[in-house]
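Architecture at a glance
Okay, here's what each chain looks like letter by letter:
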Amino acid sequence: MAYVIVATPIYHHPTAEFLWSLLHLEGRDGFVMVKGVMLAAARRDLIERALVYENVTHVLMADADLAFSPDALTRLLAHDVDVAAGIYPARRPPYTPLVYTALHDMFMFRVPPTAQASVDAIPCGFMLVRRGVFTALDERFGRARWFEGMPGLEPDLSFCRRVTACGFKILCDPRIHLYHSVDVMLDLVTAARMGSAL
């Protein structure tokens with residue numbers, strides 16, 4: 001049986017929509033938050049706190065500027081994979097869906113899938129990771145170096161690079177409805193419309 005801790009880095013303050021989403025999220029067993037540190041350090045610290053508890057089977061990384069439906073976590077869990085994530089748009093025009101494909105030593109935006117699919121990289125803002133993935137990363141790259149920046153890559157993409165280097169796949173489910181806070185809450189459909197209008 002899954003035991004999931006939600007891990008949230010807080011940059012300034014969580015949005016009201018995020019707090020509502022978190023309180024109504026089905027399948028969560030607890031949560032940890034940390035405020036005011038760099039993203040890579042925050043994610044690392046949160047995961048270390050969550051994994052102190054031996055009964056934790058998964059960590060859901062959920063950023064404080066997202067909103068999601070109550071069933072978003074249970075839908076990710078239902079895939080029964082090591083790493084699963086939802087897609088959300090960038091915070092700035094043209095609001096590109098944040099999904100990447102590997103190209104040599106870097107990542108390029110790719111057309112987001114319309115059905116569940118494996119991807120090379122996706123931001124960790126709404127990503128469910130099985131505990132064993134962190135153990136495998138520790139064994140290969142050193143303890144808790146999960147988000148340490150790799151040359152030319154920001155922390156979330158560095159994490160994805162390490163995950164796939166260990167042989168894990170990253171499943172992306174575009175049917176999970178996520179909103180990314182800008183001046184308004186924005187989903188992929190609205191972002192596509194707004195991006196094409198600019």
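The structure this text deals with has already been given above.
Report follows, based on the coordinates. (Residues numbered from 1 in each chain as written. Predicted model: local features only at pLDDT ≥ 70, side-chain atom pairs only at ≥ 80, totals over all residues. Heavy atoms only, no water.)

So, on to the overall build of the chain. Assigned secondary structure in the chain consists of 6 helices and 12 strands. In terms of C-alpha radius of gyration, the chain reaches 16 Å, essentially the compact-globule figure of 16 Å for 198 residues. Along the three orthogonal principal directions, the C-alpha set of the chain runs to about 50 × 40 × 35 Å. Looking at the chain as a whole, 47% of its 198 residues are labelled buried. Carbon and sulfur atoms make up 57% of the accessible area of the chain, which totals about 9,600 Å². (Helix = DSSP H or I, 4+ residues; strand = E, 2+ residues; numbered from the N terminus. Rg over C-alpha atoms; globule rule 2.2 N^0.38 Å. Buried < 20%, exposed > 50% of the residue type's maximum accessible area, 1.4 Å probe, protein only. Areas by Shrake-Rupley, 256 points an atom, 1.4 Å probe, with all protein chains shown as cover.)

With respect to the helices and strands, the residue Asp156 is situated in helix H5 (residues 155-165). Residue Asp156 is classed as buried on the basis of its relative accessible area, which comes to 4%. A distance of 2.9 Å separates polar atoms of two side chains, one belonging to Asp156 and the other to Arg43. (Polar contact = N/O pair within 3.5 Å; in protein donor to acceptor, adjacent residues only side chain to side chain.)

With respect to the helices and strands, the residue Met127 is situated in strand S9 (residues 126-130). Judged by its relative accessible area of 0%, Met127 falls in the buried class. Apart from the residues within four sequence positions on either side, Met127 is in contact with Val59, Leu60, Met61, Val83, Ala84, Ala85, Ile122, Phe159, Cys160 and Ile170. (Contact = heavy atoms within 4.5 Å.)

This part covers the pattern of salt bridges. Evaluated as defined, the whole model comprises 10 salt bridges. Among the ionic pairs, Asp45 bridges to Arg44, the shortest N-O distance being 3.1 Å. It is possible to trace a salt-bridge network through shared partners that takes in Arg43, Asp63 and Asp156. (Salt bridge = Lys/Arg side-chain N within 4 Å of Asp/Glu carboxyl O.)

Taking 1.5 Å per residue, 13 residues should reach 18 Å; helix H2 (residues 39-51) reaches 18 Å between its end C-alpha atoms and fits that length. Within H2, the full set of buried residues consists of Ala42, Arg43, Leu46, Ile47, Ala50 and Leu51. For H2, the arc enclosing every buried residue in end-on projection is 155°, short of the 170-degree limit, so these residues lie on one face. Those residues of H2 hidden inside the fold are in contact with strand S1 (4-10), strand S2 (30-35), strand S3 (58-62), helix H4 (131-141) and H5. (Expected span 1.5 Å × (residues − 1). Arc of directions from axis to C-beta.)

Right, let's talk about a nonpolar patch on the surface for a bit. A cluster of nonpolar residues, Leu103, Met106 and Met108, forms a patch on the protein surface that exposes about 250 Å² of accessible area. Tracing the backbone through its elements, the reader meets Met106 in strand S7 (residues 106-109). We classify Met106 as partly exposed; its relative accessible area is 42%. (Patch = residues over 30% accessible without salt bridge, like charges linked within 9 Å, V, L, I, M, F, W, Y side chains within 5 Å.)

This paragraph deals with the packing of aromatic side chains. Within a pair of aromatic rings, the relevant descriptors are the distance that separates the centres and the angle that separates the planes. Applying the stated rule across the entire model yields 6 aromatic pairs. Between Phe18 and Phe68, the aromatic rings sit 6.0 Å apart at their centres with planes inclined by 75°, giving edge-to-face as the arrangement. In this pair, Phe18 sits in helix H1 (residues 16-23) while Phe68 sits in strand S4 (residues 66-68), placing the two residues 50 residues apart along the sequence. Ring centres of Phe147 and Phe159 lie 4.7 Å apart, and the angle between their planes is 15°; on these two criteria the pair is classed as stacked. Here Phe159 lies in helix H5 and Phe147 lies in the loop between H4 and H5, a separation of 12 residues in the sequence. Relative accessible area serves as the criterion here: at 1%, Phe147 is assigned to the buried category. (Phe/Tyr/Trp six-rings, centres within 6.5 Å; stacked < 30°, edge-to-face > 60°.)

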